[in-house]
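# Analysis of the macromolecular model
The lines below spell out each chain.
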Amino acid sequence: MIYKFSYLSLFVSASSLLVGQINSNRIDSTDRSLPSPVEESIKNKVNDSSNVISSDTGAQRPLILTKSGLSLDFGYNTRVSYKQNPLGAPGILDQQADLVWENSFNSRAKLGVYDLDTFVLTPFLGGAWTMTDYTHQNADEAIPDLGVLNHNTTTAYLLFLLQHQSGWAFRAGVMYSNDRSAETDTEEYKEFYPSIGATKAHTINEYLLGVLDLSAGTHLGDVEDADGSTSSSHTADELDHIDATLRYSIIYNLDNFKITPSYSVSYRKYDNGFNFDRSDVLQSISLDVDYPITESFDLSIFSNYARRTSSGTDEAQDSYSTLYDFKKFDIGAGLGITASF
Amino acid sequence: MFHTLLLYNAAFFTAAFFLYGETPSVTFKVGIVDAVDLSIKDKFDPFPIDVNTTLTPDLLIATGSNGRVESNVNGIYWRLGCETMGKWNSNTDFYLDSGSLLFCNSNDNHIKFSTRESTATFYGHGTIIIEATKNGGFKFIPLEGKGYIETQKGGSKKIVGGRMLLCLGNPSYFGDAYDIDIMLMLKSSRLINSFPSPLPTFKKIGLAIYIQELKLKGKYNALIGDATSETNLQIWSFGEKVE
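A separate point is the overall build of chain A. Secondary structure summary: chain A contains three helices and 14 strands in total. Within chain A, the proportion of its 341 residues that are buried is 31%.

Take a look at the structure:
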């Protein structure tokens, strides 16, 4: 999720900030997307240690399977990350750097497994509740304490996953998300995000697996008090946009470690209110290292560098790039625990 | 309308007659593979067979310790493993005396499998491994497929990818069913891996593995062995059950 202060607020005097008049108004929608269970499955796959000698028939190891494929997962994740530009402010990279602590409770129900001959259909219903806290205070920054931006996020989604025998996995679903300020307990933003996606994994060699993921969707949001301005050009739907994303990841198995470098590029097109005729290109490279401590408890280290370039001009003929171009860098670590039923 | 239906049925059954009446023949052979001509009375004289040998019902085929043979006629794959003895009564009817075989076809068929004691008929398509057991019956292991299997006393059962069924006795009936790790079989089965041409149903086997992964609750640290009698199935344990 990206929060950003308004362009003008960057120039608000430090004194006004100090007296608590920070305006955490929202000028960006979310970066959330529907989960890709196939990618998760590929990443979470544990190498089977049971090496058996070949025979004509093959080794016959009995399994315990659920009859219908119904299952329920509950999880808790905690992540601490250093964010060099957490607000996605334009200009230099190092702005308002902060230590951000995210705690998330999530659940997911798999609503059966349906064999359709050349396809297997799996519906999922899931949700999460996430608390985001900006923990660091720095008197040298324009805003010494970003704690006013602490917020809680609720998400819920319905997802249909269609695995084809060719190896392509298609998904379609809708996600609802809602951000509430932890300080004022007011809803700042909510959106519906219907989207589709496709994933294909391919073996590069014995240790490397490549994963291509394509997705597209429409963010249909409702932002309160957009940009903190009373200007008539601001509307509740001005953050609505369509997006199309391509991501390529390589999964490298090194003993129990999963090392995943990724590159993604996303195109976003806005057409409402203040953002009329705005288009963004967001590029991102990331490196994740996952280590399963036990089957349901894992440790991860992650890093991400993202860069956004905006094009178009607002109604005052000012370039969007001066408002929305940014560079961001995050690095952090997390712990996750999952219980499956 | 009636004539059209009649013509359609006639065409279908004529095509089926020629297709299923096709005699299998050797399309791949490795190691020692011998045959005995059963039509010659009072004489047991094994002779080696090679690629293009027609596998008539009179030929009892026996593979050596490293011998394997494949027949691929009209898209119906038959593979015999090593130290296996059996004969083709037709391209859709196999008698397995001992050892193991693989059958694979993408189109619906009626396939008859029989061993010293047991007989079952499979209706449908799929990739199936048959292993003769000491008790005279056999293990029926579909890696993927659609259809059902029928025995005289046990009625019919729908087949499920990875679900092994034991066929026992005469008249035949079904023993216990076990869900088997298809991925492990895929990695360790020479009937799948030790032949030059890949099976045409490989993608469907992949989908069956995916379904198993979605339904997986746990794996037993055990391997299933031979069925030495109608009531005894060997299970080789190598640790605790993993939940």
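So, next bit.
Moving on: unusual backbone geometry. Glycine aside, negative phi is the norm for most residues, and most peptide bonds take the trans geometry. For the bond running from Asn170(B) to Pro171(B), omega is 5°, close enough to zero to count as cis. Its identity is not glycine, yet Asp255(A) carries a phi of approximately 50°, on the positive side. Tracing the backbone shows Asp255(A) in the loop between strand E10 (241-254) and strand E11 (257-270).

Residues and elements named next belong to chain A. Pairing analysis gives 12 bridges linking E10 to E11, with the strands arranged antiparallel. Along E11, the bridge assignment pairs tyrosine 248 with tyrosine 263. Counting the residues in the hairpin turn of E10 and E11 gives two residues, including aspartate 255, whose phi is positive at 50°. Across 13 bridges, the pairing between E11 and strand E12 (residues 278-294) is antiparallel. Looking at E12, one finds that serine 266 is bridged to leucine 282.

Before going further, it helps to examine the interface of chain A and chain B. Facing the 25 residues of chain A at the interface are 34 residues of chain B. Broken down by secondary-structure element, the contributors of at least two residues to the side of chain A that touches chain B are strand E1 (63-65) and strand E5 (119-134) of chain A. The leading source of residues in the side of chain A that touches chain B is E1(A), at three residues. Residue composition of the side of chain A that touches chain B, by class: eight nonpolar, 13 polar and four charged.

What follows covers the nonpolar core. Within the largest apolar cluster, 61 residues are counted, with the highest numbers of intra-cluster contacts made by Leu101(B), Phe103(B), Phe113(B), Ile130(B), Phe140(B) and Cys167(B). Every residue in contact with Ile130(B), bar those within four places of it in the chain, is listed here: Leu96(B), Ser100(B), Leu101(B), Phe103(B), Phe113(B), Phe138(B), Lys139(B) and Phe140(B). Among the nonpolar cores identified, the runner-up in size contains eight residues, and Leu34(A), Tyr157(A), Leu159(A) and Leu161(A) belong to it.

Glancing now at the environment of Ile180(B). Note that Ile180(B) resides in the loop between strand E14 (173-179) and helix H2 (182-188). On the basis of neighbour count, Ile180(B) is assigned to the buried category, with 26 C-beta atoms found within 10 Å. Separated by 32 residues in the primary sequence, Ile180(B) and Gln212(B) place their C-alpha atoms 9.2 Å from one another. Among residues more than four places away in sequence, those in contact with Ile180(B) are Gln60(A), Arg61(A), Pro62(A), Leu63(A), Ile141(B), Gly162(B), Met164(B) and Met185(B).

What follows deals with the pairing of strand E2 (residues 33-37) of chain B. Residue and element names in this part refer to chain B. Direction of pairing for E2 relative to strand E4 (residues 59-63): antiparallel, over a ladder of five bridges. Bridge pairing in E4 links aspartate 37 to leucine 59. For E2 and strand E3 (residues 47-48), the ladder comprises two bridges, and the chain directions are antiparallel. Residue pairing across strands places alanine 35 opposite phenylalanine 47, the latter belonging to E3.

Scoring rules and cut-offs
- Residues numbered from 1 in each chain as written.
- Chains lettered and ligands numbered in written order.
- Predicted model: local features only at pLDDT ≥ 70, side-chain atom pairs only at ≥ 80, totals over all residues.
- Helix = DSSP H or I, 4+ residues; strand = E, 2+ residues; numbered from the N terminus.
- Buried ≥ 20, exposed ≤ 12 C-beta atoms within 10 Å, placed from the backbone.
- Pairing = 2+ DSSP bridges.
- Contact = placed C-beta atoms within 7 Å.
- Nonpolar A, V, L, I, M, F, W, Y, C, P; charged D, E, K, R; others polar.
- Core = buried A, V, L, I, M, F, W, Y, C linked by C-beta atoms within 7 Å.

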